[in-house]
Amino acid sequence: MRYLIVGGSIAGLNAVEAIRRLDSRGEIVLVSEENEPPYSRPLISHWLADQQCERQLYRPADFYRQMKVKLYLGVKAARLDPAQKRLLLATGQELTYDRLLLACGGTPIVPAFEGKEGIRTHSFFTWQDARSLAAVARRGERALVVGGGLIGLKAAESLKELGLEVAVAELGSQILGSILPQKVAAILTQLLVGQGLEFYLNQTITKVEKAGKQIDCYLDSLKLRVDQLVLAVGVRPNLELCQGTGLETKRGILVNEKQQTNLTDIYAAGDVTESIEPLTGQRRVMAILPHAARQGRIAGAVMAGGSCPSQTGIVFNSITILGHNIVTMGLTGEREDSENETIDYDRKTQQLTQLRWQGKRIIGAVLLNRPERSGIYRQLIEQKVELPEVGYVQPSFLSLPQEAWPDDETQQPAGRGCDHGTDH
(Lines give C-alpha, C1' and ligand atoms only; values in the text may rest on other atoms or scores of the structure.)
Protein backbone atom coordinates (compact mmCIF):
# COMPACT_ATOMS: atom_id res chain seq x y z
CA MET A 1 0.00 0.00 0.00
CA ARG A 2 1.34 3.44 -0.93
CA TYR A 3 0.03 6.33 1.15
CA LEU A 4 0.57 9.88 -0.12
CA ILE A 5 0.04 12.82 2.27
CA VAL A 6 0.01 16.45 1.13
CA GLY A 7 0.72 18.68 4.15
CA GLY A 8 3.25 18.35 6.96
CA SER A 9 1.63 19.91 10.01
CA ILE A 10 -0.54 18.52 12.81
CA ALA A 11 -3.12 16.69 10.63
CA GLY A 12 -0.46 15.15 8.43
CA LEU A 13 1.78 13.92 11.24
CA ASN A 14 -1.18 12.47 13.17
CA ALA A 15 -2.17 10.61 10.02
CA VAL A 16 1.38 9.23 9.73
CA GLU A 17 1.25 7.94 13.31
CA ALA A 18 -2.19 6.39 12.83
CA ILE A 19 -1.09 4.63 9.66
CA ARG A 20 2.05 3.23 11.28
CA ARG A 21 0.07 1.82 14.20
CA LEU A 22 -1.79 -0.39 11.72
CA ASP A 23 0.62 -0.77 8.83
CA SER A 24 4.35 -1.05 9.52
CA ARG A 25 5.28 -2.05 5.96
CA GLY A 26 3.31 0.28 3.71
CA GLU A 27 5.12 3.14 1.97
CA ILE A 28 4.31 6.63 3.24
CA VAL A 29 5.22 9.64 1.10
CA LEU A 30 4.72 13.19 2.40
CA VAL A 31 4.82 16.43 0.39
CA SER A 32 5.04 19.84 2.11
CA GLU A 33 5.66 23.34 0.78
CA GLU A 34 7.58 24.16 3.95
CA ASN A 35 11.09 22.82 4.31
CA GLU A 36 10.73 22.38 8.07
CA PRO A 37 10.30 19.65 10.69
CA PRO A 38 6.77 19.44 12.16
CA TYR A 39 6.82 22.62 14.26
CA SER A 40 4.04 24.19 16.33
CA ARG A 41 2.48 26.92 14.23
CA PRO A 42 0.52 28.48 17.15
CA LEU A 43 3.74 29.04 19.06
CA ILE A 44 5.60 31.12 16.46
CA SER A 45 4.45 34.21 18.41
CA HIS A 46 6.38 33.07 21.49
CA TRP A 47 9.54 32.65 19.42
CA LEU A 48 9.15 36.12 17.89
CA ALA A 49 8.78 37.68 21.35
CA ASP A 50 11.79 35.78 22.72
CA GLN A 51 14.09 34.60 19.95
CA GLN A 52 16.41 32.95 22.48
CA CYS A 53 13.81 30.25 23.12
CA GLU A 54 13.90 27.13 20.98
CA ARG A 55 11.42 26.53 18.22
CA GLN A 56 8.66 24.27 19.51
CA LEU A 57 8.27 21.01 17.57
CA TYR A 58 5.19 18.78 17.63
CA ARG A 59 7.47 15.75 17.39
CA PRO A 60 11.23 15.09 17.48
CA ALA A 61 13.19 16.49 14.54
CA ASP A 62 13.78 12.94 13.26
CA PHE A 63 10.10 11.98 13.52
CA TYR A 64 9.67 11.27 9.83
CA ARG A 65 12.80 9.10 9.76
CA GLN A 66 11.48 7.09 12.69
CA MET A 67 8.18 6.64 10.89
CA LYS A 68 9.97 5.63 7.65
CA VAL A 69 8.40 8.45 5.64
CA LYS A 70 9.80 9.52 2.26
CA LEU A 71 9.82 13.32 2.24
CA TYR A 72 9.43 15.97 -0.44
CA LEU A 73 9.94 19.17 1.59
CA GLY A 74 9.92 22.67 0.16
CA VAL A 75 7.98 21.37 -2.83
CA LYS A 76 4.55 22.53 -4.02
CA ALA A 77 1.92 20.02 -5.13
CA ALA A 78 0.78 21.41 -8.49
CA ARG A 79 -1.89 19.16 -9.99
CA LEU A 80 -3.96 16.14 -8.98
CA ASP A 81 -5.14 13.43 -11.40
CA PRO A 82 -7.55 11.18 -9.45
CA ALA A 83 -8.34 9.01 -12.48
CA GLN A 84 -4.69 7.93 -12.75
CA LYS A 85 -3.99 8.29 -9.01
CA ARG A 86 -1.13 10.69 -9.70
CA LEU A 87 0.09 13.92 -8.15
CA LEU A 88 2.24 16.29 -10.18
CA LEU A 89 4.75 18.39 -8.23
CA ALA A 90 5.92 21.88 -9.21
CA THR A 91 9.35 20.35 -9.88
CA GLY A 92 7.85 18.23 -12.65
CA GLN A 93 8.02 14.98 -10.67
CA GLU A 94 5.00 12.68 -10.60
CA LEU A 95 3.98 10.70 -7.51
CA THR A 96 1.50 7.84 -7.58
CA TYR A 97 -0.63 6.63 -4.68
CA ASP A 98 -3.05 3.98 -3.55
CA ARG A 99 -4.61 6.28 -0.95
CA LEU A 100 -4.22 10.04 -0.74
CA LEU A 101 -4.69 12.45 2.17
CA LEU A 102 -5.08 16.16 1.44
CA ALA A 103 -3.98 17.99 4.58
CA CYS A 104 -2.78 21.08 2.74
CA GLY A 105 -4.30 23.64 5.09
CA GLY A 106 -4.93 27.26 4.18
CA THR A 107 -3.31 30.47 2.96
CA PRO A 108 -3.48 33.93 4.54
CA ILE A 109 -5.90 36.31 2.82
CA VAL A 110 -4.23 39.47 1.52
CA PRO A 111 -6.75 42.34 1.43
CA ALA A 112 -6.85 44.68 -1.54
CA PHE A 113 -5.83 48.28 -0.87
CA GLU A 114 -4.20 51.08 -2.80
CA GLY A 115 -0.41 51.28 -2.81
CA LYS A 116 0.42 47.86 -1.35
CA GLU A 117 2.62 46.85 -4.32
CA GLY A 118 5.40 49.18 -3.24
CA ILE A 119 5.22 48.45 0.49
CA ARG A 120 6.70 45.59 2.49
CA THR A 121 3.96 43.84 4.43
CA HIS A 122 4.04 40.76 6.63
CA SER A 123 1.80 37.77 7.18
CA PHE A 124 2.00 35.90 10.49
CA PHE A 125 1.22 32.31 9.67
CA THR A 126 4.40 30.30 9.21
CA TRP A 127 7.83 29.91 10.75
CA GLN A 128 9.27 31.85 7.79
CA ASP A 129 6.79 34.69 8.42
CA ALA A 130 8.05 34.96 12.01
CA ARG A 131 11.67 34.94 10.87
CA SER A 132 11.01 37.65 8.28
CA LEU A 133 9.31 39.88 10.84
CA ALA A 134 12.03 39.29 13.43
CA ALA A 135 14.66 40.38 10.92
CA VAL A 136 13.22 43.90 10.62
CA ALA A 137 11.14 44.69 13.74
CA ARG A 138 12.97 46.80 16.31
CA ARG A 139 12.20 47.97 19.85
CA GLY A 140 10.61 51.42 19.90
CA GLU A 141 9.07 51.10 16.44
CA ARG A 142 5.35 51.33 15.76
CA ALA A 143 3.42 48.46 14.18
CA LEU A 144 -0.08 48.14 12.76
CA VAL A 145 -1.76 44.72 12.75
CA VAL A 146 -4.74 44.56 10.39
CA GLY A 147 -7.12 41.95 11.77
CA GLY A 148 -8.37 41.33 15.32
CA GLY A 149 -8.77 37.56 15.12
CA LEU A 150 -6.66 34.83 16.71
CA ILE A 151 -3.66 35.27 14.43
CA GLY A 152 -3.77 39.06 14.53
CA LEU A 153 -3.86 39.22 18.32
CA LYS A 154 -0.99 36.74 18.69
CA ALA A 155 1.06 38.86 16.27
CA ALA A 156 0.18 41.98 18.27
CA GLU A 157 1.14 40.29 21.54
CA SER A 158 4.55 39.18 20.28
CA LEU A 159 5.37 42.58 18.78
CA LYS A 160 4.33 44.29 22.03
CA GLU A 161 6.56 41.96 24.05
CA LEU A 162 9.35 42.67 21.56
CA GLY A 163 9.14 46.32 22.57
CA LEU A 164 7.10 47.87 19.75
CA GLU A 165 4.08 50.13 20.07
CA VAL A 166 1.21 48.15 18.54
CA ALA A 167 -2.17 49.12 17.09
CA VAL A 168 -4.80 46.66 15.87
CA ALA A 169 -7.34 47.59 13.19
CA GLU A 170 -10.42 45.35 12.95
CA LEU A 171 -13.13 45.60 10.29
CA GLY A 172 -15.79 44.27 12.65
CA SER A 173 -17.26 45.79 15.79
CA GLN A 174 -15.28 43.52 18.14
CA ILE A 175 -12.11 41.47 18.41
CA LEU A 176 -12.16 37.66 18.15
CA GLY A 177 -15.56 37.77 16.50
CA SER A 178 -15.44 34.11 15.48
CA ILE A 179 -15.17 32.80 19.05
CA LEU A 180 -16.26 35.51 21.52
CA PRO A 181 -19.67 37.07 22.20
CA GLN A 182 -19.70 40.85 22.20
CA LYS A 183 -19.83 41.35 25.99
CA VAL A 184 -16.75 39.21 26.61
CA ALA A 185 -14.88 40.74 23.67
CA ALA A 186 -15.50 44.23 25.08
CA ILE A 187 -14.14 43.23 28.50
CA LEU A 188 -11.04 41.60 26.98
CA THR A 189 -10.44 44.64 24.77
CA GLN A 190 -10.36 46.94 27.79
CA LEU A 191 -7.94 44.64 29.61
CA LEU A 192 -5.59 44.63 26.62
CA VAL A 193 -5.86 48.41 26.22
CA GLY A 194 -4.75 48.65 29.84
CA GLN A 195 -1.62 46.72 28.86
CA GLY A 196 -0.71 49.06 26.06
CA LEU A 197 -2.39 47.75 22.90
CA GLU A 198 -4.42 50.16 20.77
CA PHE A 199 -7.60 49.06 19.00
CA TYR A 200 -9.44 50.65 16.09
CA LEU A 201 -12.74 48.81 15.58
CA ASN A 202 -14.95 49.14 12.50
CA GLN A 203 -11.80 50.11 10.61
CA THR A 204 -9.82 48.50 7.82
CA ILE A 205 -6.91 49.57 5.67
CA THR A 206 -7.76 51.38 2.42
CA LYS A 207 -4.46 52.86 1.24
CA VAL A 208 -0.76 53.01 2.08
CA GLU A 209 1.99 55.44 1.10
CA LYS A 210 5.72 55.49 1.74
CA ALA A 211 6.84 58.09 4.28
CA GLY A 212 10.62 57.82 4.12
CA LYS A 213 11.45 54.57 5.88
CA GLN A 214 7.96 54.46 7.42
CA ILE A 215 4.48 53.77 6.06
CA ASP A 216 1.41 55.98 6.16
CA CYS A 217 -1.58 53.66 6.62
CA TYR A 218 -4.99 55.09 5.81
CA LEU A 219 -7.87 53.42 7.62
CA ASP A 220 -11.53 54.20 7.03
CA SER A 221 -11.47 57.33 9.20
CA LEU A 222 -7.88 57.98 10.31
CA LYS A 223 -4.22 57.76 9.31
CA LEU A 224 -1.44 55.98 11.21
CA ARG A 225 2.29 56.24 10.51
CA VAL A 226 4.02 52.94 11.28
CA ASP A 227 7.26 51.07 10.75
CA GLN A 228 5.82 47.57 10.35
CA LEU A 229 2.54 46.45 8.75
CA VAL A 230 1.15 42.99 9.50
CA LEU A 231 -1.86 41.65 7.58
CA ALA A 232 -3.90 39.04 9.47
CA VAL A 233 -7.43 39.33 8.13
CA GLY A 234 -8.09 35.62 7.77
CA VAL A 235 -7.17 32.34 6.10
CA ARG A 236 -8.77 30.53 3.17
CA PRO A 237 -8.52 26.75 2.60
CA ASN A 238 -6.07 25.71 -0.12
CA LEU A 239 -8.40 24.30 -2.75
CA GLU A 240 -6.17 24.74 -5.82
CA LEU A 241 -5.48 20.99 -6.09
CA CYS A 242 -9.21 20.31 -6.23
CA GLN A 243 -9.78 22.25 -9.45
CA GLY A 244 -10.84 20.04 -12.32
CA THR A 245 -10.72 16.87 -10.23
CA GLY A 246 -14.38 16.35 -9.35
CA LEU A 247 -13.68 16.72 -5.63
CA GLU A 248 -16.73 18.21 -3.93
CA THR A 249 -15.95 21.52 -2.23
CA LYS A 250 -17.73 24.53 -0.78
CA ARG A 251 -15.63 26.71 1.50
CA GLY A 252 -13.46 23.65 2.09
CA ILE A 253 -13.26 20.04 0.92
CA LEU A 254 -16.38 18.19 2.02
CA VAL A 255 -15.68 15.09 4.13
CA ASN A 256 -17.73 12.55 6.04
CA GLU A 257 -17.12 11.23 9.55
CA LYS A 258 -14.33 8.99 8.20
CA GLN A 259 -12.61 11.95 6.49
CA GLN A 260 -13.50 10.48 3.11
CA THR A 261 -14.18 12.80 0.19
CA ASN A 262 -16.60 12.03 -2.62
CA LEU A 263 -13.76 10.42 -4.64
CA THR A 264 -12.57 6.89 -3.90
CA ASP A 265 -9.28 6.61 -1.98
CA ILE A 266 -8.99 10.37 -1.42
CA TYR A 267 -9.26 11.68 2.13
CA ALA A 268 -8.90 15.17 3.61
CA ALA A 269 -8.14 16.52 7.09
CA GLY A 270 -7.44 19.77 8.90
CA ASP A 271 -7.98 23.38 7.89
CA VAL A 272 -8.69 22.51 4.25
CA THR A 273 -11.86 20.61 5.14
CA GLU A 274 -15.47 21.49 5.75
CA SER A 275 -17.01 19.06 8.21
CA ILE A 276 -20.00 18.60 10.49
CA GLU A 277 -20.04 20.69 13.67
CA PRO A 278 -21.46 18.24 16.26
CA LEU A 279 -23.70 20.65 18.21
CA THR A 280 -25.52 22.15 15.23
CA GLY A 281 -25.12 19.39 12.65
CA GLN A 282 -24.11 22.05 10.11
CA ARG A 283 -21.03 22.02 7.90
CA ARG A 284 -18.31 24.55 8.55
CA VAL A 285 -14.55 25.07 8.32
CA MET A 286 -13.12 24.54 11.82
CA ALA A 287 -9.51 25.74 11.57
CA ILE A 288 -8.29 24.84 15.05
CA LEU A 289 -5.45 22.59 16.18
CA PRO A 290 -7.33 19.88 18.18
CA HIS A 291 -9.82 19.43 15.34
CA ALA A 292 -7.04 19.03 12.76
CA ALA A 293 -5.19 16.53 14.96
CA ARG A 294 -8.35 14.46 15.47
CA GLN A 295 -9.17 14.47 11.77
CA GLY A 296 -5.63 13.38 10.92
CA ARG A 297 -5.84 10.44 13.32
CA ILE A 298 -9.17 9.39 11.87
CA ALA A 299 -8.00 9.68 8.26
CA GLY A 300 -4.81 7.72 8.90
CA ALA A 301 -6.62 4.91 10.69
CA VAL A 302 -9.29 4.54 8.00
CA MET A 303 -6.74 4.75 5.17
CA ALA A 304 -4.81 1.88 6.77
CA GLY A 305 -7.93 -0.28 7.02
CA GLY A 306 -8.78 0.35 10.65
CA SER A 307 -12.04 1.42 12.23
CA CYS A 308 -13.09 5.04 12.51
CA PRO A 309 -12.21 6.45 15.96
CA SER A 310 -14.89 8.42 17.78
CA GLN A 311 -15.27 12.01 16.60
CA THR A 312 -17.40 13.70 19.22
CA GLY A 313 -15.13 16.62 19.96
CA ILE A 314 -16.65 20.09 19.99
CA VAL A 315 -14.98 23.25 18.74
CA PHE A 316 -12.41 24.18 21.39
CA ASN A 317 -9.90 27.05 21.60
CA SER A 318 -7.34 28.02 24.21
CA ILE A 319 -5.30 31.17 23.72
CA THR A 320 -3.24 33.38 26.03
CA ILE A 321 -2.78 37.06 25.12
CA LEU A 322 -0.54 39.24 27.30
CA GLY A 323 -1.14 36.92 30.25
CA HIS A 324 -4.92 36.64 29.83
CA ASN A 325 -6.06 33.09 29.14
CA ILE A 326 -9.22 32.67 27.05
CA VAL A 327 -10.85 29.27 26.66
CA THR A 328 -13.87 28.88 24.39
CA MET A 329 -15.82 25.75 23.56
CA GLY A 330 -19.02 24.90 21.76
CA LEU A 331 -21.19 27.68 20.34
CA THR A 332 -19.73 30.97 21.49
CA GLY A 333 -18.92 33.24 18.57
CA GLU A 334 -22.22 34.80 17.57
CA ARG A 335 -21.79 38.53 17.27
CA GLU A 336 -25.12 39.22 18.96
CA ASP A 337 -25.28 38.12 22.59
CA SER A 338 -28.02 35.63 23.39
CA GLU A 339 -30.68 36.28 25.99
CA ASN A 340 -30.31 32.67 27.10
CA GLU A 341 -26.98 33.06 28.84
CA THR A 342 -25.38 33.51 32.22
CA ILE A 343 -22.28 35.58 32.88
CA ASP A 344 -20.13 35.97 35.97
CA TYR A 345 -17.34 38.57 35.94
CA ASP A 346 -15.08 39.54 38.84
CA ARG A 347 -13.44 42.88 38.00
CA LYS A 348 -10.92 42.55 40.81
CA THR A 349 -9.53 39.16 39.70
CA GLN A 350 -10.34 39.74 35.98
CA GLN A 351 -11.94 36.29 35.87
CA LEU A 352 -15.06 35.62 33.80
CA THR A 353 -17.37 32.73 32.96
CA GLN A 354 -20.00 33.10 30.25
CA LEU A 355 -22.33 30.20 29.48
CA ARG A 356 -24.80 29.84 26.63
CA TRP A 357 -27.79 27.59 27.23
CA GLN A 358 -30.31 25.57 25.26
CA GLY A 359 -32.96 24.58 27.75
CA LYS A 360 -31.02 23.15 30.68
CA ARG A 361 -28.02 22.16 28.57
CA ILE A 362 -24.88 24.25 28.18
CA ILE A 363 -24.03 24.58 24.49
CA GLY A 364 -21.19 27.11 24.77
CA ALA A 365 -18.73 28.31 27.38
CA VAL A 366 -16.20 31.14 27.53
CA LEU A 367 -13.68 31.21 30.38
CA LEU A 368 -11.46 34.25 30.90
CA ASN A 369 -8.56 33.60 33.30
CA ARG A 370 -10.37 30.49 34.61
CA PRO A 371 -8.83 27.60 32.62
CA GLU A 372 -9.01 25.18 35.54
CA ARG A 373 -12.72 24.52 34.96
CA SER A 374 -12.53 23.92 31.23
CA GLY A 375 -12.63 20.13 31.63
CA ILE A 376 -15.93 20.26 33.48
CA TYR A 377 -17.66 22.45 30.92
CA ARG A 378 -16.28 20.47 28.00
CA GLN A 379 -17.66 17.27 29.50
CA LEU A 380 -21.07 18.86 30.04
CA ILE A 381 -21.28 20.18 26.49
CA GLU A 382 -19.97 17.07 24.71
CA GLN A 383 -22.21 14.70 26.69
CA LYS A 384 -25.22 17.03 26.32
CA VAL A 385 -25.98 16.80 30.04
CA GLU A 386 -29.19 18.37 31.34
CA LEU A 387 -28.47 20.25 34.55
CA PRO A 388 -30.92 20.55 37.47
CA GLU A 389 -31.46 24.20 36.63
CA VAL A 390 -30.18 26.97 34.43
CA GLY A 391 -27.59 29.14 36.13
CA TYR A 392 -24.80 26.83 37.27
CA VAL A 393 -21.81 29.11 36.66
CA GLN A 394 -19.01 27.30 38.49
CA PRO A 395 -20.06 23.67 39.04
CA SER A 396 -17.81 20.98 40.46
CA PHE A 397 -18.16 17.37 39.32
CA LEU A 398 -19.54 16.39 42.72
CA SER A 399 -22.46 18.81 42.31
CA LEU A 400 -23.45 17.46 38.89
CA PRO A 401 -25.41 14.43 37.68
CA GLN A 402 -23.24 11.31 37.57
CA GLU A 403 -23.44 11.07 33.77
CA ALA A 404 -21.41 14.28 33.62
CA TRP A 405 -18.47 12.76 35.48
CA PRO A 406 -15.45 11.91 33.31
CA ASP A 407 -14.76 8.26 32.46
CA ASP A 408 -11.02 8.69 33.02
CA GLU A 409 -8.46 11.19 34.20
CA THR A 410 -7.85 12.84 30.82
CA GLN A 411 -9.79 16.02 31.53
CA GLN A 412 -7.00 18.51 32.16
CA PRO A 413 -6.94 22.29 32.47
CA ALA A 414 -6.57 24.07 29.17
CA GLY A 415 -3.05 24.82 27.99
CA ARG A 416 -1.49 27.33 25.60
CA GLY A 417 -1.34 25.39 22.37
CA CYS A 418 -4.63 25.78 20.50
CA ASP A 419 -4.24 29.30 19.27
CA HIS A 420 -5.21 29.39 15.62
CA GLY A 421 -5.40 27.61 12.28
CA THR A 422 -2.96 24.80 12.24
CA ASP A 423 -2.55 22.67 9.23
CA HIS A 424 0.15 23.14 6.58
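Just above sits the structure.
Okay, so let's go over this structure.

Analysis parameters
- Residues numbered from 1 in each chain as written.
- Predicted model: local features only at pLDDT ≥ 70, side-chain atom pairs only at ≥ 80, totals over all residues.
- Heavy atoms only, no water.
- Helix = DSSP H or I, 4+ residues; strand = E, 2+ residues; numbered from the N terminus.
- Contact = heavy atoms within 4.5 Å.
- Areas by Shrake-Rupley, 256 points an atom, 1.4 Å probe, with all protein chains shown as cover.
- Expected span 1.5 Å × (residues − 1).
- Buried < 20%, exposed > 50% of the residue type's maximum accessible area, 1.4 Å probe, protein only.
- Pairing = 2+ DSSP bridges.
- Axes fitted to C-alpha atoms, helices over the stretch in contact; angles between N-to-C directions.
- Phe/Tyr/Trp six-rings, centres within 6.5 Å; stacked < 30°, edge-to-face > 60°.
- Lys NZ or Arg CZ within 6 Å of the ring centre and 35° of its normal.
- Core = buried A, V, L, I, M, F, W, Y, C linked by side-chain atoms within 4.5 Å.

1. Some details on the overall build of the protein chain
- For the protein chain, the helix and strand inventory stands at 8 helices and 25 strands.
- In the protein chain, 63% of the contacts between residues at least 6 apart in sequence involve partners at least 24 apart.
- Surface accessibility of the protein chain: about 18,200 Å² in total, with carbon and sulfur atoms responsible for 45%.

2. Remarks on helix α7 (residues 289–303)
- With 15 residues, α7 should reach 21 Å at 1.5 Å per residue; the first-to-last C-alpha distance of 21 Å fits that figure.
- With 14 of its 15 residues buried, α7 lies for the most part within the structure.
- Following α7 by one or two positions, Gly 305 adopts a phi angle in the positive range, close to 90°.

3. Digging into the sheet that holds strand β1 (residues 2–6)
- Read from one edge of the open sheet, 5 strands run β3-β2-β1-β7-β18, paired in parallel fashion. At either end of the open sheet lies a strand with only one pairing partner, and these are β3 (69–73) and β18 (266–268). Strand after strand, the sheet turns through a mean of 15° between neighbouring axes, direction not considered.
- Of the strand pairs in this sheet, strand β7 (residues 99–102) and β18 are connected by 3 bridges, and their pairing is parallel. When the bridges of β18 are listed, Leu 100 appears paired with Ile 266.
- Here helix α1 (residues 10–22) sits on the sheet and contacts β1, β2 (27–32), β3 and β7; the angle it forms with β1, its principal contact strand, is near 165°.
- Together, β1, β7 and β18 form the strand contacts of α7, whose direction differs from that of β7 by roughly 175°.

4. Section: the sheet that holds strand β12 (residues 205–211)
- Spatially, β12-β13-β14 is the arrangement adopted by the 3 strands of the open sheet, whose pairing is antiparallel. Whereas interior strands pair on both sides, the edge strands pair on one side only; in this sheet they are β12 and β14 (223–226). With direction set aside, neighbouring strand axes in the sheet form an average angle of 20°.
- Here 6 bridges tie β12 to strand β13 (residues 214–219), and the two strands are oriented antiparallel to one another. The residue of β13 that forms the bridge with Lys 207 is Tyr 218.

5. Description of the packing of aromatic side chains
- Within this structure, the stated rule accounts for 3 aromatic pairs.
- When the ring of Tyr 39 is compared with that of Trp 127, the centres are 6.2 Å apart and the planes differ by 50°; the resulting orientation is tilted. Here Trp 127 lies in helix α4 (residues 127–136) and Tyr 39 lies in the loop between β2 and α2 (44–49), a separation of 88 residues in the sequence.
- On the basis of relative accessibility, which here comes to 6%, the residue Tyr 39 falls in the buried class.
- Classification of Trp 127 by relative accessible area gives buried; the value is 7%.
- The interplanar angle of 65° and the centroid separation of 5.2 Å between the aromatic rings of Phe 63 and Tyr 64 together place this pair among those described as edge-to-face. Residue Phe 63 shares its accessibility class with Tyr 64, and that shared class is buried.
- An aromatic cluster of at least three residues, connected via ring pairs, comprises Tyr 39, Trp 47 and Trp 127.
- Positioned above the aromatic ring of Phe 316, the side-chain terminus of Arg 378 is 4.3 Å from the ring centre.

6. Remarks on the nonpolar core
- Leu 48, Phe 124, Leu 159, Leu 180, Leu 188 and Leu 192 are the most contacted members of the largest nonpolar core, which totals 44 residues.
- Those residues within four positions of Phe 124 in sequence are excluded, and the remaining contacts are Ile 44, Ser 45, Leu 48, Asp 129, Ala 130, Leu 133, Ile 151, Lys 154, Ala 155, Ser 158, Val 230 and Leu 231.
- Counting 27 residues, the second largest nonpolar core, distinct from the first, contains Ala 11, Tyr 64, Tyr 267 and Ile 298.

7. Quick word on the environment of Phe 316
- Locating Phe 316 in the fold gives a position in strand β21 (residues 316–321).
- C-alpha separation for the pair Phe 316 and Ala 365, spaced 49 residues apart in sequence, amounts to 9.6 Å.

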